[in-house]
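Understanding the architecture of this molecule
Spelled out, the chains give:
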Amino acid sequence: MSTEASGSGGASTATPPMIKAASVDKYFGDLHVLKNIDIEVPRGQVVVVLGPSGSGKSTLCRAINRLEPVDSGTIEVDGEPLPAEGKALAALRADVGMVFQQFNLFAHKSIVENVTLGPVKVRKVSQSEARTTAMELLERVGIADQADKYPAQLSGGQQQRAAIARALAMKPKVMLFDEPTSALDPEMVQEVLDTMTSLADEGMTMVVVTHEMGFARRAAHRVLFMADGEVVEDSTPGDFFSDPKTDRAKDFLGKIL
Ligand code: ADP
Ligand code: MG
């Protein structure tokens, strides 16, 4: 793993960054929730986003796959500006996998159906091919034996791993995780983090909002610290945890470590 904040992941001048946000601003009414955000994430980089509640972490994730439109600035994924709507937007959402705190599985569909649905509908993959891929992915996240159960029959950790498999089935270029372990019982946190770590090791570009500092230290190439809608620190995990630059980051770390 590289220790360089910006040099990891095989980025070169010939390839665009996997994610590029330039001068992004977002308001909810009068509330300025993203303030002039400039970020480039090279391919293969794992970025952990830290910050106090309300600092804009979720809004940033949601902006990257256009669940939230932004008011100004541009966001590009793999060199392409975010499309506004229609088929191109559906394709973009497929390119940018997202895993939420709440697992958001379809309750009335089996686990394997949850994983095949997107590829069949959006990627136009055949049912049998989608099923083969789904079973491989469920194997990879360690729940192949749960394939024919319904979400409510699985533990939280298993449901979250199913949600990860579902996102991966779309063959995304980027995976966004918004507090993926926050709703889990403590004994299930590690199995989900292990799944995410192996994904990182395979070279997936990832943006991860989490309070799991162990994951940030071990798996992240880079830490972004947000406060009040701004990215106030952008550094390596080693530097961030041992030598935070701002009072806000010191205060945050003082409360959680
Ligand atoms: P974080 O994920 O860091 O906790 P969020 O991105 O969820 O922060 O929220 C940033 C700010 O925007 C907070 O003040 C929050 O209350 C506000 N906010 C988030 N979503 C909405 C919304 N849909 N409408 C109005 N305000 C919102
Ligand atoms: Mg949030």
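Residues numbered from 1 in each chain as written. Chains lettered and ligands numbered in written order. Predicted model: local features only at pLDDT ≥ 70, side-chain atom pairs only at ≥ 80, totals over all residues. Heavy atoms only, no water.

Naming follows an unreviewed UniProt entry, where the protein chain appears as Amino acid ABC transporter ATP-binding protein of Prauserella halophila. Of the protein chain, the UniProt comment under Subcellular location (unreviewed entry) reads exactly: "Cell membrane". Under the UniProt heading Sequence similarities (unreviewed entry), the note attached to the protein chain is "Belongs to the ABC transporter superfamily." (UniProt positions renumbered as here; feature names shortened; annotations may be inferred.)

To continue, consider the pattern of salt bridges. Scanning all chains against the criterion turns up 14 salt bridges. Here Arg140 makes a salt bridge to Glu202, at a shortest N to O gap of 2.6 Å. One end of the pair, Arg140, is in helix H4 (residues 127-140); the other, Glu202, is in the loop between helix H6 (186-201) and strand S8 (205-209), and 62 residues separate them in sequence. Arg161 serves as the salt-bridge partner of Glu191, at 3.0 Å between the closest nitrogen and oxygen. Of this pair, Glu191 sits in helix H6 while Arg161 sits in helix H5 (residues 156-168), and the two are 30 residues apart along the sequence. A residue is classified by how much of its surface remains accessible, and Arg161, at 11% relative accessible area, is buried. One network of salt bridges, with partners in common, ties together Arg43, Asp78, Asp95, Arg123 and Lys173. (Salt bridge = Lys/Arg side-chain N within 4 Å of Asp/Glu carboxyl O. Helix = DSSP H or I, 4+ residues; strand = E, 2+ residues; numbered from the N terminus. Buried < 20%, exposed > 50% of the residue type's maximum accessible area, 1.4 Å probe, protein only.)

Closest axis-to-axis distance for the H5/H6 pair is 8 Å, and the angle between their directions is 20 degrees. It follows from the interaxial angle that H5 and H6 lie roughly parallel. As for the relative orientation of H5 and H6, their crossing is right-handed in sense. Across the interface between the two elements, Gly156, Gly157, Gln158, Gln160, Arg161, Ile164 and Leu168 of H5 pack against Met188, Glu191, Val192, Thr195, Met196 and Leu199 of H6. (Axes fitted to C-alpha atoms, helices over the stretch in contact; angles between N-to-C directions. Parallel < 35°, antiparallel > 145°, perpendicular 65-115°, else oblique. Left-handed = near helix turned anticlockwise from the far one by under 90°. Contact = heavy atoms within 4.5 Å.)

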